Amino acid sequence: QMSNYVSIPTDCPQRGERAGWTGDAQLFAATGVYNYDVYSFLENYNDVMQEHAAENENTYGSIMPSAFVGFFAQLAASGWSDAGIIIPWVLYQQTGDTTLIQKYYEQMNAYMDKIATDGYDESMFGDWLGMAPASTPYLNAVYQIYTTQIMKKMADVIGNTEMSEKYQSSYDALKAAFLEKYVDAEGNVLSQSADGVDESNHGYKFVDNAQTALLWALKCELYENDDQRNTMIENLITNIKNEGGSVREGMDENTLSVGFLGVNVILPVLTEIGAADVAYDLLLQDAMPSWLYSVKNGSTTIWERWNSVMPDGHISGTGMNSLNHYAYGSVMEFVYAYAAGIRPLEAGFRKVAITPHPDVRIPEIACSYDSVSGRYVCNWKIEKDGTFTVHVEVPFNCEAVVELPGYEKEQMTLSAGSYDFSYEPKEDLRKPYLGRSQISAQLAHVHIHHQGSMLDITMGILGKYTPALAGIAASGDPEMGANSLEDLTHMGFLPFDPSALETAIEEISELVVE
């Protein structure tokens with residue numbers, strides 16, 4: 001961020017491009033304002049974008065101000081040119097200041113009318129560099145819906161009833177068309193077959209039920225009933241788990257396959273649907289593709305491609321290997337807003353939610369955010385004895401709605417002040433094997449005091465009670481390693497005593513990280 005937030009947000013600082021790519025700018029904006037005081041910086045960039053649209057037939061471009069390749073600069077591309085709508089909304093959420101919305105709503109409305117008439121480009125840029133992406137036409141439909149939702153919310157904020165009704169009506173029509181085209185009766189998302197397109201500009205095959213497609217359908221509530229929503233959630237988790245490469249052949253289990261337009265929503269959406277454990281699986285993964293793959297391979301800056309450097313240390317032959325691109329750094333919004341749990345309930349952070357989502361693999365987090373309303377703090381720690389300690393600070397004239405995991409009070413509204421909590425949660429947070437947790441899911445580095453790695457202990461318990469299952473797991477069989485404790489109970493086709501397996505599961509479930 002520091003090397004790309006200079007004058008305007010650029011895609012990369014280290015090569016001749018150095019352009020104001022708007023896709024990068026909009027998807028990183030929420031993280032950017034958590035990291036630094038960049039309100040004035042982004043307000044200035046908003047002026048640049050609005051001036052660009054006024055001079056280019058009411059169309060925000062994919063590069064603003066115009067630079068690099070003129071064709072790209074003028075292109076209306078979903079998730080890119082939409083920065084002219086999204087960034088003002090992000091700034092309003094952070095500051096509560098309606099000035100930009102009031103000043104530029106007419107221009108934003110003109111852009112939306114232009115998209116409604118002419119549409120987005122059908123080939124650029126989509127889920128840029130996603131390795132199993134949703135089609136670009138699908139993302140065009142999604143982003144038109146998403147920006148329509150934002151326009152309705154902004155109209156409500158400034159009291160423009162006419163525009164609010166316009167965009168509510170537009171949303172209803174767009175959602176109905178989306179459901180008819182892209183969502184089948186069961187809830188599968190046809191993010192490839194509905195448009196009959198085959199692959200991205202980088203040769204990655206478009207797929208149905210792509211991670212990015214499912215994430216946006218869930219985020220924008222693009223389903224008709226709970227059954228469809230549940231199917232989307234199941235398909236998303238199955239895709240991420242990727243047992244034995246059964247969904248994404250050749251890719252590791254517990255990996256992401258999103259590109260630019262999925263990277264900023266994947267962990268927040270997973271947490272919102274109750275799968276924070278899966279979000280942590282992805283956050284801590286270091287197999288390719290993942291955030292920590294680049295770190296494992298010596299990177300000190302974020303890459304544009306997930307696979308810019310190969311495991312042997314050589315630059316990949318894929319081309320276009322920028323090693324300083326900030327877009328994937330948008331993952332930090334999850335750390336502030338969900339892992340630590342500080343996010344606004346009212347624009348300007350006068351009222352916030354503080355809802356930490358702890359995971360024993362990161363046993364301690366210290367987080368503060370200097371909002372425009374003052375400093376919020378949420379520090380938490382999973383103590384060795386199982387106690388969960390939390391320190392919360394709320395600034396003057398503000399309040400926080402606090403929800404702590406497994407606490408005696410489900411919800412508390414706290415006024416300005418400093419608060420400390422120390423308690424034993426209803427569920428022991430030191431126990432890593434809960435719910436969907438997989439035997440092989442990144443737990444080998446977590447050690448129980450004086451007992452060796454968690455993975456070794458788990459395999460030892462399985463070997464004691466169910467040698468057949470332990471043998472398969474020890475063989476490195478990917479399907480076995482991808483199974484959760486719940487899955488093991490259904491493997492009746494293997495030679496084991498069901499009661500012995502139940503005993504093993506009970507012991508494994510009681511393991512704690514001290």
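Right above here is the structure, for reference.
A few points on the structure. A quick note: this is a predicted structure, and the numbers were derived from the prediction, not measured. (Residues numbered from 1 in each chain as written. Predicted model: local features only at pLDDT ≥ 70, side-chain atom pairs only at ≥ 80, totals over all residues. Heavy atoms only, no water.)

Comments concerning the overall build of the protein
Right, so step 1: Scanning the protein from N- to C-terminus turns up 19 helices and 10 strands.
Right, so step 2: Taken over C-alpha atoms, the radius of gyration comes to 24 Å for the protein, in line with the 24 Å a tight globule of 514 residues would show.
Right, so step 3: The dimensions of the protein, computed from C-alpha atoms along their principal axes, are 75 × 55 × 45 Å.
Right, so step 4: Counting every position in the protein, which comprises 514 residues, the buried fraction comes to 57%.
Right, so step 5: Considering only residue pairs separated by 6 or more positions, the protein has 62% of its internal contacts joining residues 24 or more positions apart.
Right, so step 6: Of the charged side chains in the protein, 29 are positive and 70 negative; the average position of the first set lies 4 Å away from that of the second. (Helix = DSSP H or I, 4+ residues; strand = E, 2+ residues; numbered from the N terminus. Rg over C-alpha atoms; globule rule 2.2 N^0.38 Å. Buried < 20%, exposed > 50% of the residue type's maximum accessible area, 1.4 Å probe, protein only. Contact = heavy atoms within 4.5 Å. Lys, Arg positive; Asp, Glu negative; His and termini not counted. Charge placed at Lys NZ, Arg CZ, Asp CG, Glu CD.)

Thoughts on unusual backbone geometry
Right, so step 1: Pro65 follows Met64 through a cis peptide bond whose omega is 0 degrees.
Right, so step 2: The step from Met124 to Phe125 runs through a cis peptide bond, and the omega angle for that step is -10 degrees.
Right, so step 3: Assignment of secondary structure puts Phe125 in the loop between helix 5 (99–118) and helix 6 (136–157).
Right, so step 4: Non-glycine residue Glu221 carries a positive phi angle of around 55 degrees.
Right, so step 5: Its place among the elements puts Glu221 in the loop between helix 8 (211–219) and helix 9 (226–241).

A word on a nonpolar patch on the surface
Right, so step 1: A cluster of nonpolar side chains, namely Phe68, Val69 and Phe71, defines an oily patch on the protein surface of about 300 Å² accessible area.
Right, so step 2: Looking at where Phe68 falls in the secondary structure, it is placed in the loop between helix 2 (39–55) and helix 3 (70–74). (Patch = residues over 30% accessible without salt bridge, like charges linked within 9 Å, V, L, I, M, F, W, Y side chains within 5 Å. Areas by Shrake-Rupley, 256 points an atom, 1.4 Å probe, with all protein chains shown as cover. Salt bridge = Lys/Arg side-chain N within 4 Å of Asp/Glu carboxyl O.)

As for the nonpolar core
Right, so step 1: In terms of nonpolar packing, the biggest core is built from 152 residues, with Tyr138, Leu267, Leu270 and Trp291 touching the most fellow members.
Right, so step 2: If one sorts the elements of this core by residue count, helix 6 sits on top with 10 residues.
Right, so step 3: Contacts of Trp291, omitting those with residues within four sequence positions, involve Leu256, Val263, Ile266, Leu267, Leu282, Leu283, Trp306, Tyr328 and Val331. (Core = buried A, V, L, I, M, F, W, Y, C linked by side-chain atoms within 4.5 Å.)

With respect to the packing of helix 5 against helix 6
Right, so step 1: Put simply, helix 5 and helix 6 touch, their axes get as near as 11 Å, and they point 150 degrees apart. Judged by the angle between their axes, helix 5 and helix 6 are roughly antiparallel. Seen from above, helix 5 lies across helix 6 with left-handed handedness. Along its contact with helix 5, which presents Ile101, Tyr105, Met108, Asn109, Met112, Ile115 and Ala116, the element helix 6 presents Gln144, Thr147, Thr148, Met151, Met154, Ala155 and Val157. (Axes fitted to C-alpha atoms, helices over the stretch in contact; angles between N-to-C directions. Parallel < 35°, antiparallel > 145°, perpendicular 65-115°, else oblique. Left-handed = near helix turned anticlockwise from the far one by under 90°.)

Focus on the side chain of Asn307
Right, so step 1: With respect to the helices, strands and loops of the structure, Asn307 is situated in the loop between helix 13 (291–296) and helix 14 (332–339).
Right, so step 2: Residue Asn307 is classed as buried on the basis of its relative accessible area, which comes to 9%.
Right, so step 3: When near neighbours in sequence (up to four residues on either side) are disregarded, Asn307 contacts Met131, Tyr204, Met288, Ser316 and Thr318.

What about helix 7 (residues 161–182)?
Right, so step 1: A rise of 1.5 Å per residue sets the reference length of helix 7, with its 22 residues, at 32 Å; its end C-alpha atoms lie 31 Å apart and thus fit the reference within 8%.
Right, so step 2: Those residues of helix 7 that fall on the buried side of the exposure criterion are Met163, Ser164, Tyr167, Tyr171, Leu174, Phe178, Leu179 and Tyr182. Viewed end-on, helix 7 has its buried residues packed into an arc of 135 degrees, placing them on one side of the element. Away from the buried face of helix 7 by more than 90 degrees, exposed residues Thr161, Glu162, Glu165 and Glu180 are located.
Right, so step 3: Here the buried face of helix 7 lies against helix 5 and helix 6. (Expected span 1.5 Å × (residues − 1). Arc of directions from axis to C-beta.)

A look at a negative patch on the surface
Right, so step 1: Side chains of Asp497, Glu502, Glu506 and Glu507 sit close together on the surface and give a patch of like negative charge.
Right, so step 2: Within the secondary structure, Asp497 is located in the loop between helix 18 (485–488) and helix 19 (498–509).

With respect to the pattern of salt bridges
Right, so step 1: By the definition in use, this model includes 15 salt bridges.
Right, so step 2: The residue Asp156 makes a salt bridge to Lys152 at a minimum N-O spacing of 2.9 Å. With Asp156 and Lys152 both in helix 6 and four residues apart, the pair spans about one turn of that helix.
Right, so step 3: The class of Asp156 is partly exposed, set by a relative accessible area of 42%.
Right, so step 4: When its relative accessible area of 22% is taken as the criterion, Lys152 is described as partly exposed.
Right, so step 5: With its nearest N and O atoms 2.9 Å apart, the salt bridge here joins Arg361 to Asp359. Here Arg361 matches Asp359 in class, with each residue buried.
Right, so step 6: Through salt bridges with shared partners, one network takes in Glu57, Lys114 and Asp118.

Looking at the environment of Asn56
Right, so step 1: With respect to the helices and strands, Asn56 occurs in the loop between helix 2 and helix 3.
Right, so step 2: For Asn56 and Asn379, which are 323 residues apart along the polypeptide, the C-alpha to C-alpha distance reads 48 Å.

Comments concerning the pairing of strand 6 (residues 374–382)
Right, so step 1: Pairing of strand 5 (residues 364–371) with strand 6, which is carried by eight bridges, proceeds in the antiparallel orientation. From the neighbouring strand, Asp370 faces strand 6, where its bridge partner is Arg375.
Right, so step 2: Hairpin geometry of strand 5 and strand 6 is characterised by an intervening segment of two residues between the two adjacent antiparallel strands.
Right, so step 3: Of the pairings in the sheet, the one linking strand 6 to strand 7 (residues 388–402) comprises six bridges and is antiparallel in character. Within the sheet, the bridge partner assigned to Cys378 lies in strand 7 and is Val392. (Pairing = 2+ DSSP bridges.)

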